[in-house]
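Per-entry structural report
One letter stands for each residue in the lines below.
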Amino acid sequence: MTVTEDRKVTELPGPPSLGQYYASAAARAALPGGSGRSLPATELVRRGVTVEQGHLADYARVCGFRVGNALPVTYPHMLTFPLQVVLMAGRSFPLPLPGLVHIANRITVHRAIAPTETLDVRVWAQRFTRHPKGAQVDLVGEVSADGETVWSGRSTYLARGAKAPDGTAGGDDTADTADIAEPPVPTGPANALWRVPGDIGRRYAAVSGDVNPIHLHSLTAKAMGFPRAIAHGMWTAAHAVASLEGRIPDACTYDVVFRKPVLLPAKVELVTGSDAKGAWGLALRSAKDAEKLHLVGRISG
């Protein structure tokens, strides 16, 4: 273990088994206490990571990508997410992992990443702040090749009903209140109608390892306060950007804000549009009510 930027760096020897981390986190979530502490000053690292081509193909199939010479924009999240879970399932993490809701995400692809490259992955927590509905936290991930950062991501999660400290805690780039900037909402007719099946949560969980119970079954989702199982935010983000394959640059930034959850099964519409600068806007809305937004996104070069 080493220390960098005031964070203790712990290297993981291989991919973690996420099921056991969710189970231990669920057991701890049933105990009183936990909220109000600071974030762990820990950075988790995996070195020499290679992409399993079968897994990449499965991910592409579930999310709607083609398998080509570069990783899909959202695929490196599959490499950082297991480290997120390990960090959030730890005893020192101040928010309960079960029931956390993904409310926003920023991805920056610095260059095209070949599926055959050897990568290093690191993750840490940052910006534990108040939110009108509870408390939110950012999980930051970076993917590098030969010392060069090729992809970075920031996932913002909400713990409903939880409390954050009055001041800031845990890392730099902190703020006292929720301050997620929402991209402009594109308007106009829908570009695509999605018929989202009731099992998409389980299918995406099988490739992502995200077995948060709010996505798997109605019964487990109801226990977390949802009327039915909800689609993963990162599945909707991936499926949306997959519709723009071949029309966005290799190096880009993809911002999304997740609004109303997609209750499964569902019929939703995707609206996309580009501006004079070549940036793309995306909106995922209810097929029955165009005012009901599920996702708003922007992709810029």
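Residues numbered from 1 in each chain as written. Predicted model: local features only at pLDDT ≥ 70, side-chain atom pairs only at ≥ 80, totals over all residues. Heavy atoms only, no water.

1. Looking at the side chain of R7
Worth spelling out the cut-off: The secondary structure listing takes helices from DSSP runs of H or I that are at least 4 residues long and strands from runs of E that are at least 2 residues long, numbered from the N terminus. To sort residues, take the accessible area from a 1.4 Å probe on protein chains only and compare it with the maximum for the residue type: under 20% means buried, over 50% means exposed, and anything in between is partly exposed. Within 3.5 Å is the distance limit for a polar contact, defined as a pair of N or O atoms, with the added protein rule that one can donate a hydrogen and the other accept it, and that residues adjacent in sequence qualify only through two side-chain atoms.
The residue R7 is located in strand β2 (residues 7-11) in this model. Relative accessible area serves as the criterion here: at 10%, R7 is assigned to the buried category. Of the polar contacts made by the side chain of R7, one reaches the side chain of E43; its length is 3.0 Å.

2. Observations regarding helix α3 (residues 77-88)
Worth spelling out the cut-off: Expected span of a helix, by definition, is 1.5 Å for each gap between consecutive residues, and there is one gap fewer than residues.
The end-to-end C-alpha distance of α3 is 16 Å, a good match for the 16 Å that 12 residues give at a rise of 1.5 Å each. Along α3, 12 of the 12 residues are buried, which leaves the element largely enclosed by surrounding structure. When we look at burial in α3, the residues that qualify are H77, M78, L79, T80, F81, P82, L83, Q84, V85, V86, L87 and M88.

3. Some details on the pattern of salt bridges
The following threshold applies: Just to be clear on terms, a salt bridge is a Lys or Arg side-chain nitrogen sitting within 4 Å of an Asp or Glu carboxyl oxygen.
Enumeration over the complete set of coordinates arrives at 15 salt bridges. In this structure, the salt-bridge partner of E11 is R47, at a minimum N-O distance of 3.2 Å. With E11 in strand β2 and R47 in strand β3 (residues 42-50), this pair connects stretches of sequence that are 36 residues apart. For E11, a relative accessible area of 47% corresponds to the partly exposed category. What makes R47 partly exposed here is its relative accessible area of 46%. A salt bridge links R259 to E182, with the shortest nitrogen-to-oxygen separation between them at 2.7 Å. Linking R259 in the loop between β9 (252-258) and β10 (266-274) with E182 in the loop between β7 (148-160) and β8 (192-196), this pair joins segments that are 77 residues apart in sequence. For R259, a relative accessible area of 40% gives the class partly exposed. Ionic contacts of the salt-bridge type, sharing partners, join the residues R7, E43, R122 and E142 into one network.

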